[in-house]
Amino acid sequence: MDLNTLWFILVTVLFCGFFVLEGFDYGVGMLVPLLGRDDRERRVIINSIGPVWDGNEVWLLTAGGAIFAAFPHWYATLFSGFYLALFLVLVGLIVRAVGLEFRSKHTSPAWRSAWDWLICVGSLLPALIFGVAVGNLLLGVPIDAKMTYVGGFWNLLNPFALIVGVTFVLLFLLHGALFLGLRTEGALQKRATSTALGLWLPTVIAAVALLVVAFFQTPLFAGGLAGWLLAGAAAVALVASGLLARARPGLAFTLTALTIILVTVATFRALFPNVMISTLDVKHSLTIYNASSSPYTLKVMTIVALTLVPVVLAYQGWTYWIFRKRLTTTSKLEY
Amino acid sequence: MDTLELARWQFGITTVYHFFFVPLTLGLSILVALMETAYVRTGNEVYKKMAKYWGKLFLINFAMGVATGIVQEFQFGMNWSEYSRFVGDIFGAPLAVEALLAFFIESTFLGLWIFGWDKLSKKLHLTTIWLVALGSNLSALWIIIANAWMQHPVGYVLRNGRAEMQDFFALLTNPQLPYEISHVFFGGVVTAAFFVLGISAWQLLRQKEFADFFQRSFRWGAVTALLGSVLVMLVGHGQGQWLERSNPMKLAAAEANWKTKDRCEFLIAAGIDEKNQKNTWSLPVGSLLSILAYNSPSGVVKGMTDLQAEYTQKYGPGDYIPPVTATFWSFRLMVASGLAMLALALLALWRSRNLIAPRWLLGLLVAGLALPYIGNSTGWMLAELGRQPWLVFGLMKTSAGVSLATTAGEVLFTVIGFTALYGALMVVDVWLLRKYAAQGPVEAAD
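Everything in this summary refers to the structure shown in the same document. (Residues numbered from 1 in each chain as written. Chains lettered and ligands numbered in written order. Predicted model: local features only at pLDDT ≥ 70, side-chain atom pairs only at ≥ 80, totals over all residues. Heavy atoms only, no water.)

Regarding the overall build of chain A
Argument step 1. Counting secondary structure elements, chain A contains eleven helices and two strands.
Argument step 2. Mapped in sequence order, the helices and strands of chain A form the string α-α-α-α-α-α-α-α-α-α-β-β-α.
Argument step 3. Taken against the 2.2 N^0.38 rule, which gives 20 Å for 335 residues, the C-alpha radius of gyration of chain A at 20 Å falls within 12% of a compact globule.
Argument step 4. A buried classification covers 65% of the 335 residues belonging to chain A.
Argument step 5. Residue pairs in contact within chain A that sit at least 24 positions apart in sequence constitute 79% of those at least 6 positions apart.
Argument step 6. As presented, chain A carries roughly 11,800 Å² of accessible surface, and 74% of it is formed by carbon and sulfur atoms. (Helix = DSSP H or I, 4+ residues; strand = E, 2+ residues; numbered from the N terminus. Rg over C-alpha atoms; globule rule 2.2 N^0.38 Å. Buried < 20%, exposed > 50% of the residue type's maximum accessible area, 1.4 Å probe, protein only. Contact = heavy atoms within 4.5 Å. Areas by Shrake-Rupley, 256 points an atom, 1.4 Å probe, with all protein chains shown as cover.)

Remarks on helix α9 (residues 225-244) of chain A
All names here are of chain A.
Argument step 1. Between the first and last C-alpha of α9 there are 28 Å, a value that for 20 residues agrees with the 28 Å anticipated at 1.5 Å per step.
Argument step 2. Every buried residue of α9 is accounted for by G227, L230, A231, A234, A237, L238, S241 and G242. Projected down its long axis, α9 carries its buried residues within an arc of 135°, all on one side. Facing away from the buried side of α9 by more than 90 degrees, the exposed set consists of L225, L229, V236 and L243.
Argument step 3. Buried residues along α9 sit in contact with α7 (159-183), α8 (186-217) and α10 (249-271). (Expected span 1.5 Å × (residues − 1). Arc of directions from axis to C-beta.)

Details of the pattern of salt bridges
Argument step 1. A full pass over the atoms with the stated rule returns 14 salt bridges over all chains.
Argument step 2. The partner of K283 of chain A in a salt bridge is D281 of chain A, with the nearest N and O atoms 3.6 Å apart.
Argument step 3. Linking R162 of chain B and E164 of chain B is a salt bridge whose minimum nitrogen-to-oxygen distance equals 3.0 Å. Residues R162 of chain B and E164 of chain B agree in their burial class; the two are buried. (Salt bridge = Lys/Arg side-chain N within 4 Å of Asp/Glu carboxyl O.)

Observations concerning the packing of aromatic side chains
Argument step 1. In the structure shown here, the tally under the stated rule is 68 aromatic pairs over all chains.
Argument step 2. Relative to W431 of chain B, the ring of W111 of chain A lies with its centre 5.3 Å away and its plane at 45°, an arrangement referred to as tilted. Taken together, the residues W111 of chain A in helix α6 (residues 109-139) and W431 of chain B in helix α15 (residues 408-439) connect one chain to another.
Argument step 3. Their ring planes at 70° and their centres at 4.8 Å tell us that Y315 of chain B and W390 of chain B sit as a pair that is edge-to-face. You can see Y315 of chain B sitting in helix α10 (residues 304-315) and its partner W390 of chain B sitting in strand β5 (residues 390-392), a full 75 residues away along the chain. (Phe/Tyr/Trp six-rings, centres within 6.5 Å; stacked < 30°, edge-to-face > 60°.)

A closer look at unusual backbone geometry
Argument step 1. With an omega dihedral of 0°, the bond running from F272 of chain A to P273 of chain A counts as a cis peptide bond.
Argument step 2. Tracing the backbone through its elements, the reader meets P273 of chain A in the loop between α10 and β1 (274-276).
Argument step 3. Omega for the bond connecting Q388 of chain B with P389 of chain B falls within 30 degrees of zero, at 5°, which places this linkage in the cis form.
Argument step 4. For P389 of chain B, the position within the fold is in the loop between α13 (370-385) and β5.
Argument step 5. A positive phi is found at M147 of chain A, a non-glycine position, where the angle reads about 65°.
Argument step 6. For M147 of chain A, the location among the structural elements is in the loop between α6 and α7.
Argument step 7. The buried category is assigned to M147 of chain A, whose relative accessible area is 15%.

A word on the interface of chain A and chain B
Argument step 1. Chain A puts 71 residues into the contact, and the matching count from chain B is 70 residues.
Argument step 2. Interface area lost by chain A to chain B is led by F68, Y83 and K105 of chain A, which between them contribute 11%.
Argument step 3. Counting every contact that joins chain A to chain B gives 17 residue pairs in polar contact (both at pLDDT 80 or more).
Argument step 4. Broken down by secondary-structure element, the contributors of at least two residues to the side of chain A that touches chain B are α2 (39-49), α3 (53-70), α4 (72-81), α5 (83-102), α6 and α11 (295-322) of chain A.
Argument step 5. Broken down by element, the side of chain A that touches chain B gets its largest block of residues, 14 residues, from α11 of chain A.
Argument step 6. Residues that form the side of chain A that touches chain B fall into these classes: 41 nonpolar, 20 polar and ten charged. (Buried area = accessible area lost by both parts, 1.4 Å probe. Polar contact = N/O pair within 3.5 Å; in protein donor to acceptor, adjacent residues only side chain to side chain. Nonpolar A, V, L, I, M, F, W, Y, C, P; charged D, E, K, R; others polar.)

Thoughts on the pairing of strand β2 (residues 162-165) of chain B
Remember that side chains alternate between the two faces of the sheet whenever the strand is regular.
All names here are of chain B.
Argument step 1. Of the two faces of β2, the one carrying R162 and E164 and the one carrying A163 and M165 are both buried.
Argument step 2. Direction of pairing for strand β1 (residues 156-159) relative to β2: antiparallel, over a ladder of four bridges. From the neighbouring strand, Y156 faces β2, where its bridge partner is M165.
Argument step 3. Connecting β1 to the next strand, β2, in antiparallel fashion are two residues, including N160 with a positive phi near 50°. (Pairing = 2+ DSSP bridges.)

Spelled out as C-alpha cells, the structure:
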C-alpha cells in the first residue's frame, strides 16, 4: 500500500471519528430546546456533552488539517468550491460553540431560550450541510482543468444531495437521542428513548430513499461486492438500532455509531481513488495522486499521525470514562 | 472591490478578531495554572478562589477563541485556494500537527478541568489545567511555525509549480521562529497580566468587598506585567535586528526609511508621501535606528527605494514596497503600547506593596486594559502588512494566492456576514466578561 492510499484511509478514519462523535453532539444540540421541558432539563441535556463536545470538534479540525497537509488540491478545490455552504457551516459552528458556553452564564429566561434555539440551529446547519456535501461528492461536481469548482452554490442543492442532508440530520438526531438516553435518568431518559423510537422510522425511510437514488446516480454500489456489503450492513445496523433501543440502549447506540462509520466508509470507498469526481471531464477529477502532497511530506505526516493518534484516542477515551456517570436534574451542574 | 481585496479584508478582520482572544488564552491559562498550583501546594482556599474566578473569565474568553478559530483553518482553502495549492505541502503539515498535538490536548483537558473539580483528585485536576496551558501554547507554536515559513521560507524546493517540503527539521529550526514565537508568547503573558491588573484595579476602585482577594490578584498581575513587558520588548528588539537581515524592506517600511544610510535616524513621527516616495516632514532622533538595528550608532540601514531596485533585479518588474503608512504607524502604536505597559507595570509593582494603590493609578490600570490589545493587533498588522506584496516572502505574491472559484459577490457576502456576527458576539462577550468580573469571587448562582 502506498502512502497516498494510507492517507486516504487516515482521512476516512478521521471523518468516521468526526461524524460519530460530532454526530451525537449535533443530535443532542438539536434536541436541547425540543426535548428539555424546563431550564434544568435543558442544562442536563447540554451537560451530557458539556465536557466532551469541544474535544469532539477537534476531529473536524484534524480532518481538515489532514486534508490540507496530505491532499492540498483536495482541500483547495473543496473549500473554495463549497464556499457559501462552508460559510453557513462556520456560522452554525460559531453560534453553537458560543451558545454551549454562554447560555447558562446568565439567568434571564429570554437569554437562555435564545441560546437554546441558536444551539439547535447551529447544530442543524453543519449536520445538514455536511450531508449535502457528501451527497455532492458522491454525485461528482463540475471541476475544470485548473482543478477549480465552477458549479456555484445553488448547484449543490440538488435532490440527491438534499436527501443525504436530511438523512444526516435524522441519523444524527437518532444517534443523539440514544446517547442522551444513556447519559440521563428518569423522565428525561424516557423521553429521549421514545424520541429515538419516533425518529427511527423516518430515518430508515430517508436512508432507503438515499440508497435507491444512490444506486441510480452514484458509484456507491459500483466496483464489486464491497459497496453492497457496506450499504447493506449500514442498513441492517440502522434497522437493528431501533429494534433494540428500549431493550439494549447501549447496543442500539453502538449500532447507530456503526451505521455512521459504515456510511462514511462506503462513501470514501465509492470515491476511491478519486477524492473529487469531475462531471465535466473525468480527466479533471482529483485523485489521491494528482491532489496529494510530495512523498516526503506524506512520510513525515505518517510518522506524526501514527504516533499521536493513539495517544489522543487514549486520553479522549479516558475522559468518557471519567464522565460515565448518568446525569439527573438533581445532580450538581457545573456552571 | 474585487475578490482579492475582499478576501484580504476578510482575512484581516477575522484574524485580528481571533487574535483578541488568543493571547489572553495563552497567558491566562498559565496564570490560572499557577494559582491552582499555589492552592494545591499551600491548601490556602484563597488561591482556589483565584483560580476559579480568573478561570471563569478565562473560559468566556476561550469560548470565543475556539469559535473563531475554526474560521481560521477553513479560510485558507475558502479564500486562498491557489495559495493552499502552492504551499499545502509545507503549510498544511504544521496545521495538521497543531490540531493533533495541541487542540486535542487543550480542548479535552479543558473539559476535564471545568467539569472535574469534584471528580478528580486535587493533583490530577491541577494537571489538567497545566495541560490546557501546554496545549494552548503548543498550538501557538505550530501556527507560528507555519507563519514563520511565510515570513522566511526554509527547507523547501520549488517543484511541480509549488513549494515542496524538503526538510521538516528546517521548518522547526527556522531562524525566524524563536523571535516570533517568543514575541507572541510574552505578548500573551503581558495580555493576561494587564487583564488581571485592570480588572483588579477596577474592583478595588468600585468596592471594599473582596479587597483582599483583588489586592492579591493585583500583586500577581503586577509581577507578571513587569516580567512580560520587559521580555516582550527584549525579544521584539531581537526580532527587529533579525528583520534587518531577513526582510529589510519590512523594517524600512516600518521606519518610513526611503534611502539607504549609515547612522540612520529613528523617526518618532512622519508625514508619508507614498506616491512620491518621500516623507513630507518628520521628527527624527539621530542614529537611533542604526543603534536599534545593530546595537551601535554606525551601521548601514537599507532604504526602500534601493531595496525596490534590488528586488526588481532579483524578482522582475513590480512594486515591492509595502503599504508604508499603515506599516509605519502600526509599528509606532505597537512600540508605544509596549512602553506604556512597561511604565504602568513599574508603577503597579512599586505601589502594590501599599495596602491600596492610589486611585489615579487604579484608574490608569483600568484604561491600561486596552494596551495589550492595541499592541497585539498592531504587531500582527506590522508583520503581515510589512510583508506585502508577498504572501510567501520571495515566492508567491498575495495577488496570486486568491481563490479562483469564488466571486466578489460571494466574498462580499461572507465579509458582511462574519463582520456582523463577530460584532454581535463582541457585544455579548464584553457584557458577559463585565458581568462575571463584577460579580467577584463568589460561586455563581443557577
